[in-house]
Amino acid sequence: MTQNSAAVDKKETVTLTDNSTGRTFELPLISGTVGPKVMDVRSFYGDTGYFTYDPGFTSTGSCESKITYIDGDEGVLLHRGYAIDDLAEHADFMEVSYLLLKGELPTSEQKKKFESDITRHTMVHEQINNFYRGFRRDAHPMAIMCGVVGALSAFYHDSLDIRDPHQRMIASYRLIAKIPTIAAWAYKYSIGQPFVYPKNELSYAENFLHMMFAVPCEEYKVNPVLASAMDKILILHADHEQNASTSTVRLAGSSGANPFACIAAGIASLWGPAHGGANEAVLNMLEQIGSKERIPEFIKRAKDKSDPFRLMGFGHRVYKNYDPRAKVMQRTCHEVLDELGVRDEPLLELAMELERIALEDPYFVEKKLYPNVDFYSGIIFRAMGIPTSMFTVLFAVARTVGWIAQWSEMIEDPAQKIGRPRQLYTGYTHRKFVPLHARG
Ligand code: ACO
């Protein structure tokens, strides 16, 4: 597969006709390396005086990118051209991170250097500890993540100049390296245990598990099966092109905001139950369903338009086929449950039965609603002993590299502009001001 810059094909155009005036407008078509053609509307407003209207950006490409490609109809996800299942099976998270950031898989030497660079940035400034103590113990860890990650910009002044490629790189490494430390500490704080510092001899995934579960009073040995599962989970969540949180990072960064602030914005966006909060919602839903016998009742509710209930972990804005990440996640789920000796896990059995029933139901079939990546991840996390409130935090840990890669690509793009959508205004037209004493 080749890659090059988007090509505007002067010969291929789309003609729009304004039926009220008879005016016609010709719009050029742009081709990427793969995927649907794109209508170039950049000069549309200037040329015609019309805006396009697209709430939720379902038909709008906001940028040109070489990082991730998704074919939602076929259930394909590629990072820099490599299929997600190949990466999950044959690479580790550090290789995938390098690939996302730099465009190529690393050589052994490059990988060693990259791992060492990341490892040497895993500690956070000691004063950051104080931030945690300002939070209530029962604060949601995503609230802590938003606060502490945003606060990094107050500590690392030497990597805030986004026009300097070296500073951008250092900020990127710092974010990727420190996010597991910040996340694990959010958990430790919530359960009243001392913070565990990173250990340089451990891999990225091992280190995270170590900081989550070790305590100073006894030796903690990382289970290799769990570390490998965690590594896969990180890979599967690393990037997903222009989703809500990534678009948020790009939009925040388009004004020139520093990367720490931009990633904090991404974390805030990820928190919502329609996005990263879905894996937490899946588990809550499975617990609410409780038993296989009650599945039909909940399926019925999911189909009822007057009921706000939705089958969490089902459906995706882009995938109208099985999410390729969900397949890997399902396998990983079984590996983890086998390793931990969790046989006949009722929630897993419930999840599989729910999946089976929904995939045979005409409503879900017709609307192409398949299980997404969040459907199984919650069960794995729970088996590992990770509390529900930490699920979205784990997603944020994994997605940080994707956010950073997308942010860097945007900053390096000569066509980059501040993001500033327009609107369809339906409010009052100009009204005469009425002084306070004269208002009824
Ligand atoms: N349960 C029941 N019905 C659903 C579901 C669901 N999970 N998802 C979509 N539908 C229905 C909608 O009601 C709609 O029906 P209609 O055409 O009769 O109006 C139709 O399917 C299309 O759904 P939209 O909401 O228009 O699709 P959209 O692309 O806006 O939403 C979303 C995608 C938000 C992911 C949605 O499927 C959903 O809410 N799923 C549950 C939450 C979830 O699992 N989110 C995780 C997403 S993956 C991620 O962020 C990593």
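These numbers were taken from a predicted model, which means no experiment stands behind them. Along each chain, residues carry numbers from 1 onward, in the same order as the chain's sequence is written. Only residues with pLDDT of at least 70 get local features here, since the model is predicted, and only at 80 or more are side-chain atom pairs given and counted; chain-wide, interface and lining totals rely on the full set of residues. Side-chain metrics in this entry use all non-hydrogen atoms of the structure; hydrogen atoms and water are not considered.

Student: When you look at the overall build of the protein chain in this model, what are you seeing that I'm missing?
Tutor: By definition, any uninterrupted DSSP run of H or I lasting at least four residues is a helix, any uninterrupted run of E lasting at least two residues is a strand, and each is numbered from the N terminus. Counting secondary structure elements, the protein chain contains 18 helices and six strands. C-alpha atoms define the radius of gyration, and 2.2 Å times the number of residues to the power 0.38 defines the globule rule. For a compact globule of 440 residues, the expected C-alpha radius of gyration is about 22 Å, and the protein chain comes in at 24 Å, within 12% of that figure. Its C-alpha atoms give the protein chain principal-axis dimensions of about 80 × 70 × 60 Å. The contact definition used throughout considers only heavy atoms, calling two residues in contact when any of these lie within 4.5 Å. Restricting the contact set of the protein chain to residue pairs at least 6 apart, pairs at least 24 apart contribute 70%. In this charge count, Lys and Arg are treated as positive and Asp and Glu as negative; neither His nor the chain ends contribute. A charged residue contributes its charge at one atom only: NZ of Lys, CZ of Arg, CG of Asp or CD of Glu. Distance between charge centroids for the protein chain: 7 Å, based on 48 positive and 54 negative side chains.

Student: Is there a simple way to explain the pattern of salt bridges in this structure?
Tutor: Any carboxyl oxygen of Asp or Glu within 4 Å of a side-chain nitrogen of Lys or Arg constitutes a salt bridge here. What the rule picks out here adds up to 20 salt bridges. Put simply, Arg136 and Asp138 hold a salt bridge, and the shortest N to O gap is 2.7 Å. Taking relative accessible area as the criterion, Arg136 reaches 61% and is therefore assigned exposed. Between buried and exposed lies partly exposed: a residue is buried under 20% and exposed over 50% of the maximum accessible area for its type, with that area taken using a 1.4 Å probe on protein chains only. Taking relative accessible area as the criterion, Asp138 reaches 55% and is therefore assigned exposed.

Student: Can you walk me through the sheet that holds strand E6 (residues 82-83) in this structure?
Tutor: Strands pair in a sheet through their backbones, by hydrogen bonds, and they do so in one of two ways: parallel or antiparallel. Pairing between strands is defined by DSSP: at least two bridges between them are needed. Spatial strand order, E4-E5-E6: three strands in an open sheet with antiparallel pairing. This sheet does not close on itself; its edge strands, each paired only once, are strand E4 (68-71) and E6. Pairing geometry for strand E5 (residues 76-79) and E6, over two bridges, is antiparallel. What sits directly across from Leu78, in E6, is Ala83.

Student: Please explain the nonpolar core as it appears in this structure.
Tutor: Within soluble globular proteins, side chains that are nonpolar tend to cluster in buried spots. Counting 114 residues, the largest nonpolar core has Tyr132 and Leu311 as the members making the most contacts within it. Counting residues per element, this core draws most heavily on helix H18 (residues 391-412), at 14 residues. Sequence-distant contacts of Tyr132, that is, excluding residues within four places in its chain, are made with Ile144, Val148, Thr181, Ile182, Trp185, Ala186, Tyr189 and Phe195. Remark: nonpolar core denotes a set of buried residues (Ala, Val, Leu, Ile, Met, Phe, Trp, Tyr, Cys) joined through side-chain atoms within 4.5 Å.

Student: What is the right way to look at the pairing of E4 in this model?
Tutor: Two faces, one strand: in a regular strand the side chains alternate between the faces of the sheet. Here E4 shows a buried face lined by Thr68 and Ile70 and an unburied face lined by Tyr69 and Asp71. Linkage of E4 to E5, two consecutive antiparallel strands, is achieved through a turn of four residues, within which Gly75 is found at a positive phi near 70°.

Student: Mind showing me how you'd approach the state of the cysteines here?
Tutor: Where two cysteines share a covalent bond between their sulfur atoms, that bond is called a disulfide. By disulfide we mean two sulfur atoms from cysteines, separated by a distance within 2.5 Å. Taken as a whole, this structure holds zero disulfides when the rule is applied. Of all cysteine sulfurs in the structure, the one in Cys262 sits closest to Cys63, which takes part in no disulfide; the separation is 14 Å. Given a relative accessible area of 31%, Cys63 falls into the partly exposed group.

Student: Can you help me understand the site of the ligand in this one?
Tutor: Nearness here has a simple test: a residue counts as near a molecule or strand if at least one of its heavy atoms is within 4 Å of that partner. Around the ligand, 20 residues are found, and the nearest of them are Arg310, Leu311, Gly313, Arg317 and Lys367. Taking Phe314, its main chain carries an N or O atom lying 2.9 Å from a nitrogen atom of the ligand. Each residue is assigned to one of three groups, with Ala, Val, Leu, Ile, Met, Phe, Trp, Tyr, Cys and Pro labelled nonpolar, Asp, Glu, Lys and Arg labelled charged, and all others, Gly among them, labelled polar. Across the shell around the ligand, the residue classes break down as 10 nonpolar, five polar and five charged. Pairs of N or O atoms within 3.5 Å make up the polar contacts considered here, provided that, within protein, one atom can donate a hydrogen while the other can accept it, and that residues adjacent in sequence are counted only when both atoms are side-chain atoms.

Student: Is there a simple way to explain the side chain of Arg325 in this structure?
Tutor: Note that Arg325 resides in helix H14 (residues 324-339). Taking relative accessible area as the criterion, Arg325 reaches 2% and is therefore assigned buried.

Student: Even after reading the chapter, I still don't get helix H13 (residues 295-303), so can you show me in this structure?
Tutor: In an α-helix there are 3.6 residues to a turn, and that puts residues three or four apart on one side. Among the residues of H13, those classed as buried are Ile295, Phe298, Ile299 and Ala302. Taken down its axis, H13 places every buried residue within 105° of arc, on the same side. Packing partners of the buried residues in H13 comprise helix H12 (278-289), helix H15 (346-360) and helix H16 (362-366). This arc is taken over the directions from the axis of the helix to the C-beta atoms.

Student: Would you explain the packing of aromatic side chains in this entry?
Tutor: Ring pairs (aromatic) are described by centroid distance and by the angle formed between their planes. Centres within 6.5 Å are what make two rings of Phe, Tyr or Trp a pair, Trp counting through its six-membered ring; a difference in plane orientation under 30 degrees is then read as stacked, over 60 as edge-to-face, and the rest as tilted. By the definition in use, this model includes 20 aromatic pairs. Judged by centre distance (5.3 Å) and plane angle (85°), the ring pair of Phe314 and Phe375 falls under edge-to-face. Residue Phe314 is found in the loop between H13 and H14, and its partner Phe375 is found in helix H17 (residues 374-384); the two are separated by 61 residues along the sequence. One exposure class covers both Phe314 and Phe375, and it is buried.

Student: Looking at this structure, how should I read helix H6 (residues 141-151)?
Tutor: Among all positions in H6, only Pro141, Met142, Ile144, Met145, Val148, Val149 and Ala151 are buried. Residues of H6 that are buried make contact with helix H5 (129-133), helix H7 (165-191), helix H11 (259-270) and H18.

Student: Got a minute to help me understand the pairing of strand E2 (residues 24-31) in this structure?
Tutor: In this sheet, strand E3 (residues 38-39) lies alongside E2 in antiparallel orientation, the contact comprising two bridges. When the bridges of E3 are listed, Ile30 appears paired with Val38. The hairpin turn running from E2 into E3, its antiparallel successor, is six residues long, and Gly35 in that turn takes a positive phi close to 105°.

Student: What am I meant to see in the side chain of Asp239 here?
Tutor: Inspection of the secondary structure puts Asp239 in the loop between helix H9 (224-236) and helix H10 (244-254). In this structure Asp239 is buried but unpaired, with Arg399 as the nearest side chain of opposite charge at 5.0 Å. Of the polar contacts made by the side chain of Asp239, one reaches the side chain of Thr68; its length is 2.5 Å. At 3.0 Å, the side chain of Asp239 and the side chain of Gln406 are in polar contact. When neighbours within four sequence positions are excluded, Asp239 is seen to be in contact with Ile67, Thr68, His79, Leu100, Arg399, Gly402 and Gln406.

Student: Would you mind showing me how to read the packing of H17 against H18 here?
Tutor: Lines fitted to the C-alpha atoms define the axes, with helices restricted to the stretch that makes contact. Angles between their N-to-C directions range from 0 to 180 degrees. H18 packs onto H17 with a crossing angle of 110° between their chain directions and a minimal axis gap of 10 Å. Judged by the inter-axis angle, H17 sits roughly perpendicular to H18. Only Phe391, Leu394 and Phe395 of H18 make contact with H17, whose side of the interface consists of Asp374, Gly378, Phe381 and Arg382. For classification purposes, angles smaller than 35 degrees are called roughly parallel, those larger than 145 roughly antiparallel, those between 65 and 115 roughly perpendicular, and all remaining angles oblique.

Student: Can you walk me through the packing of H6 against H7 in this structure?
Tutor: Helix-helix packing is described using two parameters, namely the angle between the two axes and the distance between the axes. Relative to each other, H6 and H7 sit at 140°, their axes nearing to 10 Å. In terms of axis orientation, H6 runs oblique to H7. The chirality of how H6 crosses H7 is right-handed. Residues Pro141, Ile144, Met145, Val148 and Val149 of H6 lie in contact with H7, whose contacting residues are Leu175, Ile179, Ile182, Ala183, Ala186 and Tyr189. Its residues assigned to classes, the contact of H6 with H7 comprises 11 nonpolar, no polar and no charged. A clockwise turn of the near helix away from the far one marks a right-handed crossing, whereas an anticlockwise turn of less than a right angle marks a left-handed crossing.

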